[in-house]
Amino acid sequence: MPFEIPAPGTTCTACHSMGRACILDTRINRIRNRETEFRILQNRMIDCAFEAFTPGTDADPDPGRPFATYLDQVKANTVAAGRAIYGTDFASTIQQVGKVGGDIYEILEAAALWNAVAAWNQLMDTDNWSSTVFQRPPDAIATPTRKVAVIKLPRGYDSTRLFNEKTRRDYLAFQAALERSGMELRMSSPDIVGVRIPEPMPDGFAQFLQPLPDLRDVTRARLESAHESIVGTLDARNFLFAVAVKTSTRSDRLYQPLFEANVLKFLIGYVLHGGAFRFHVHMGTFDGAAVENRYRAASLTALMMGGAPTRAIDVTYRAVAPRETAQLILDELPSFPL
């Protein structure tokens, strides 16, 4: 399917008849406790629009486009499909299409980061820069032991499952000590994490050496399930950075990354003796909130350890386009000393 659907009436009707629908009619068998008349299938929306390329990366015919352009086209394709299949009945649910925008935004960013880091990994092995879209980071030195994986984590995922046995036991011992006093300080699950690939490289990490050619169902599933293949392989020193992806500037949501950053830095850097872990917040907009001022808070771990204070959130970035957002991460990779 091309990015922009030609003749939606014919194309979408044929796709629907083949069992590849992006919209399901729930008016007969309604979803319990919901008045929704149609169910929007997010994964099929992505598959439809990005069957031929991953946005902002090498196969994209126009990689400089902003997130908004990709998201608007995904929504337009879905609305066109709904009208082609269900006629005017679908008009009442158009607003529902927009509700999945935040999830798709996160997937597009994670995919762009994956592909940028795949180019980095090829550079580390060969000293050749293969990407025509991303630029080789300044001061990047080919070093096979400095390859990186970008991992999209599910909501609510127990990220300690990625730890090897020793590191996980250290973490559990810390939690057990707190629980004896009726307390806890749990490790959260960031939207995206970047880790140093262990050496020798476990089998599950080979997938990160190759880019994602598109975001068809099978490729998107690879992006979203990659964490499953690296369970039990990491120690705290492997963790380089985390990214909180936000499309809302609601005040209650703005403080969540700040808490998450301080907890992660304390657990990874202090309890588990990890390295210089960095925390990013990437937002689609800064409108309606003094975002950068809210994220000036100091890292509690840095203050506790003495020396020069640092911020809890190292980078607050308005992520407008996938290519530029991925390049930001790429340019940071040479600055990790270990």
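Since we're looking at a predicted model, the values are computed, not measured.

The next subject is the environment of Ile 230. Its location among the elements puts Ile 230 in the loop between α7 (217–225) and β5 (239–246). Between the alpha carbons of Ile 230 and Ile 151 there is a distance of 9.8 Å; along the sequence they are 79 residues apart. With residues up to four places along the chain from it excluded, the contact list for Ile 230 reads Ile 151, Leu 162, Gly 204, Phe 205 and Phe 208.

Take the pairing of strand β3 (residues 148–152) next. A large share of β3 lies buried, amounting to 5 of its 5 residues. With burial as the criterion, each face of β3 is covered, one bearing Val 148, Val 150 and Lys 152 and the other bearing Ala 149 and Ile 151. Relative to strand β4 (residues 192–196), β3 runs antiparallel, the two sharing 5 bridges. Bridging from a neighbouring strand, Val 150 pairs with Gly 194 of β4.

In this section: unusual backbone geometry. The step from Glu 199 to Pro 200 runs through a cis peptide bond, and the omega angle for that step is -5°. Assignment of secondary structure puts Pro 200 in the loop between β4 and α7. For Asp 127, which is not glycine, the phi torsion reads 65° and is therefore positive. Residue position: Asp 127 is located in the loop between α5 (101–126) and β3.

This part is about the pattern of salt bridges. In the structure shown here, the tally under the stated rule is 21 salt bridges. Among the ionic pairs, Arg 186 bridges to Glu 179, the shortest N-O distance being 2.4 Å. One salt bridge in this structure joins Lys 265 and Asp 314, with 2.7 Å as the shortest N-O distance. With Lys 265 in helix α8 (residues 251–271) and Asp 314 in the loop between α10 (300–305) and β7 (315–318), the pair connects residues that are 49 residues apart, well separated along the chain. Assessed through its relative accessible area of 8%, Lys 265 is described here as buried. Residue classification places Asp 314 among the partly exposed positions, given a relative accessible area of 34%. Taken together, the shared-partner salt bridges in this structure form one network comprising Glu 106, Lys 152, Asp 217, Arg 220 and Glu 224.

Another aspect to go through is the packing of α5 against α7. Running from N to C, α5 and α7 point in directions that differ by 85°, and their axes come no closer than 11 Å. Put simply, α5 runs roughly perpendicular to α7. Between α5 and α7, the contacting residues are Ile 107, Ala 110, Ala 111 and Trp 114 on the first element and Arg 222, Leu 223 and Glu 224 on the second. A breakdown of the residues in the contact of α5 with α7 according to their chemical character gives 5 nonpolar, no polar and 2 charged.

Time to look at the sheet that holds β4. Strand pairing in a sheet relies on backbone hydrogen bonds. The paired strands run either parallel or antiparallel. Here we have 5 strands laid out as an open sheet, ordered β3-β4-β5-β6-β7, and mixed in their pairing. Either end of the sheet is taken by a strand with one partner, and the two such strands are β3 and β7. Averaged over neighbouring strand pairs, the angle between their axes works out to 20° when direction is ignored. In terms of strand pairing, β4 meets β5 through 4 bridges, oriented antiparallel. Looking at the pairing, Gly 194 lines up with Phe 241 of β5. Contacting β5 and β6 (278–283), α8 runs over the sheet at an angle of about 165° to β6.

Calculation notes
Residues numbered from 1 in each chain as written. Predicted model: local features only at pLDDT ≥ 70, side-chain atom pairs only at ≥ 80, totals over all residues. Heavy atoms only, no water. Helix = DSSP H or I, 4+ residues; strand = E, 2+ residues; numbered from the N terminus. Contact = heavy atoms within 4.5 Å. Buried < 20%, exposed > 50% of the residue type's maximum accessible area, 1.4 Å probe, protein only. Pairing = 2+ DSSP bridges. Salt bridge = Lys/Arg side-chain N within 4 Å of Asp/Glu carboxyl O. Axes fitted to C-alpha atoms, helices over the stretch in contact; angles between N-to-C directions. Parallel < 35°, antiparallel > 145°, perpendicular 65-115°, else oblique. Nonpolar A, V, L, I, M, F, W, Y, C, P; charged D, E, K, R; others polar.

Interpretation in functional terms is not warranted from these geometric data alone.
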